[in-house]
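# Report on the structure
Take a look at the letters that make up each chain.
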Amino acid sequence: LAFTVILALVVGVMAVLAGLFRLGFVANFISEPVLKGFIIGLALTIIVGQLPKLFGIEKVEGDFFDQLWGWITGLGETDGLTLAIGLTSLAIVFGFRRFLPRIPGSLVAVGFGIAAVAIFDLGERGVAIVGEIDAGLPSFGLPEGSLSDYLAIAPAAVGVMLVGFAEGLGAGKTYATRNHYDIDPNRELIGLGSANIASGLSSGMVVNGSLSKTAVNGSAGANTQVSGLVVAVLTVITLLFLTGLFSDLPEATLAAIVIAALVELVDIDSLRELYRTYSDELGKIYGVAARPDFIAALAAMLGVLIFDTLPGLFIGIIVSILLMVYRASQPHIAGLGVVPGTDIYVDRTRRPDAVAPEGIAVIRVESGLFFANADYVRARVREAAATPGTKAVIIDAETIPAIDVTAVRMLIEVTDELRADGVDLILAHDIGQVRDLLPADERGTGPALYPSIDQAIVAVRERSG
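Quick look at the structure, then. (Residues numbered from 1 in each chain as written. Predicted model: local features only at pLDDT ≥ 70, side-chain atom pairs only at ≥ 80, totals over all residues. Heavy atoms only, no water.)

Our focus in this paragraph is the packing of aromatic side chains. The full count for this structure, using the stated rule, is four aromatic pairs. Arranged with centres 5.1 Å apart and planes meeting at 85°, the rings of Phe64 and Phe65 form a pair that is edge-to-face. For Phe64, a relative accessible area of 11% puts it in the buried group. Since its relative accessible area comes to 40%, Phe65 is described here as partly exposed. With a centroid separation of 5.4 Å and 85° between ring planes, the pair formed by Phe370 and Phe371 is classed as edge-to-face. For Phe370, a relative accessible area of 23% translates into the label partly exposed. For Arg178, the ring lying beneath its charged end belongs to Tyr175, and the centroid distance is 5.0 Å. Geometry around Tyr376 places Arg380 over its ring, the cationic atom sitting 4.7 Å from the centre. (Phe/Tyr/Trp six-rings, centres within 6.5 Å; stacked < 30°, edge-to-face > 60°. Buried < 20%, exposed > 50% of the residue type's maximum accessible area, 1.4 Å probe, protein only. Lys NZ or Arg CZ within 6 Å of the ring centre and 35° of its normal.)

All right, on to helix H4 (residues 80-99) then. Over its 20 residues, H4 extends 28 Å from the first C-alpha to the last, a length consistent with the 28 Å expected when each residue adds 1.5 Å. Turning to H4, its buried residues number three or more, namely Thr82, Leu83, Ile85, Gly86, Ser89, Leu90, Ile92, Val93 and Phe96. The secondary structure elements touched by the buried residues of H4 are helix H2 (32-55), helix H5 (105-120) and helix H11 (251-263). (Helix = DSSP H or I, 4+ residues; strand = E, 2+ residues; numbered from the N terminus. Expected span 1.5 Å × (residues − 1). Contact = heavy atoms within 4.5 Å.)

Attention now moves to the sheet that holds strand E3 (residues 360-365). Pairing is mixed in the open sheet, where six strands are placed in the order E2-E1-E3-E4-E5-E6. The open sheet has two edge strands with one neighbour each: strand E2 (345-347) and strand E6 (448-450). Mean inter-strand twist for the sheet, computed between neighbouring axes without regard to direction, equals 35°. Together, strand E4 (392-396) and strand E5 (424-428) form the strand contacts of helix H17 (residues 405-420), whose direction differs from that of E5 by roughly 140°. (Pairing = 2+ DSSP bridges. Axes fitted to C-alpha atoms, helices over the stretch in contact; angles between N-to-C directions.)

Before going further, it helps to spend a moment on the packing of helix H1 (residues 2-20) against helix H7 (residues 154-179). The angle between the axes and the distance between the axes are what describe a pair of packed helices. As a packed pair, H1 and H7 sit with axes 9 Å apart at the nearest point and diverge in direction by 65°. The angle between the axes of H1 and H7 places the two elements in the roughly perpendicular class. As H1 packs across H7, the resulting crossing turns out to be right-handed. Of H7, the residues touching H1 (which contributes Leu7, Val10, Val11, Met14 and Ala15) are Ala154, Ala157, Val158, Val160 and Met161. (Parallel < 35°, antiparallel > 145°, perpendicular 65-115°, else oblique. Left-handed = near helix turned anticlockwise from the far one by under 90°.)

Take a nonpolar patch on the surface next. A cluster of nonpolar side chains, contributed by Leu137, Phe140, Val226, Val230, Val233, Leu234, Val236, Ile237, Leu240, Phe241, Leu242 and Leu245, occupies part of the molecular surface with about 1,100 Å² of accessible area. Within the element layout of this structure, Leu245 appears in helix H10 (residues 226-246). Relative accessible area serves as the criterion here: at 44%, Leu245 is assigned to the partly exposed category. (Patch = residues over 30% accessible without salt bridge, like charges linked within 9 Å, V, L, I, M, F, W, Y side chains within 5 Å. Areas by Shrake-Rupley, 256 points an atom, 1.4 Å probe, with all protein chains shown as cover. Salt bridge = Lys/Arg side-chain N within 4 Å of Asp/Glu carboxyl O.)

E3 sits mainly inside the fold: six of its six residues count as buried. Neither face of E3 is exposed, since Ile360, Val362 and Arg364 on one face and Ala361, Ile363 and Val365 on the opposite face are all buried. Bridge count between strand E1 (residues 333-338) and E3: three bridges; the pairing is antiparallel. Paired with Ile333 across the strands is Val365, a residue of E3. As defined by bridge partners, E3 adjoins E4 across five bridges and the pair is classed as parallel. For Ile363, the partnering residue across the bridge sits in E4 and is Ile395. On the question of chirality, the crossover connecting E3 to the parallel E4 by way of helix H16 (residues 374-385) is right-handed. (Right-handed = clockwise from strand over helix to strand, strands pointing away.)

Let us now look at the environment of Gly432. Tracing the backbone shows Gly432 in helix H18 (residues 432-437). Linking Gly432 and Ala402, residues 30 residues apart in sequence, is a C-alpha distance of 7.3 Å.

If you want it as structure tokens, here you go:
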């Protein structure tokens, strides 16, 4: 017990320090699709964990699929009275949400469950109830333990803090998106840390922003932090005076309330929307990686369902980063042509009527240039230069926001290679870092730079007579 309290204190101190040092930026690596998949996986895991209580059967430990299979195989042992209480509680919650939304259906379901147990003596007839709850407030102060105990638990506390932060942030962002306000990850960390320090000093265990409790809170109509203050006051009152009342609460009713709150977070429609975010052109360019957001969300969801919360979150983050790097390593390189009657250059695969300048290949790299895609771009430039009759290759650099040293050296090298074959390499519309890192070189090394494609074409034609 002391070890559990120490864990809460260490998690709290770490979270507060992380918030003060503004380490909440790590949340930027959790994309919205990853967070969506994480929330769906977490909601499904919690729901399947509540089903045995709803049916009055023994719960099987393990991942989502272990628990689901354990529930299915245990259906033959369903307790009829427990299931009746659970389904009635579900009907009450959904019914009040649908027809009388201003009345808290969850509270009505709690009242129904307690009354049913008291009237029909269901506790003696096999229906699982919460049972006796000790009245009074907990003791305050530091737990027994040495400094070595605190240090020994620190590595585990890091993992616990990350799980708590991810789940709390996920729940917070879900409802922030619905109600159009912003979440400050650093304040979330400080809040998480303060709550755990308070919990540890009052003989409590690790606490975090709970998805299931947030869902119940939101479905009850809570809009501000006042709901948390009301819950705190009512919890103290309950501990002092009302613990006997809740001892007769059926676990099936609690399970029904949690399931009813979490069902709306299993947002399969959002996964369908992510899957539909696709075009044939993207499919031709990136193949299976043309749906990166859907794949990342699915990876996070399956990761949570199979490997648990923290591994599932990291799986989603890693997959999303790998997909981003893969797409950046093989950027779309468009062959450009001018729209007849204009000076506008467009992708010829999208505008078949666009005309390419005679003897000149104009291409556009739709990505930054860096070490991961330098060789890929080099190969595409060589392909463009290999077309018979080509005198120059012009790279429209307007869509190249960034460049690194590896890419700069690649451009210099490929310029020398093409020059040996009588082909010029030219950059047009150089902007930002491209202009900074690839200045015009009076010695003639590296590609020539021109402000526009038209000026580059004029220069090529003048040199070729």
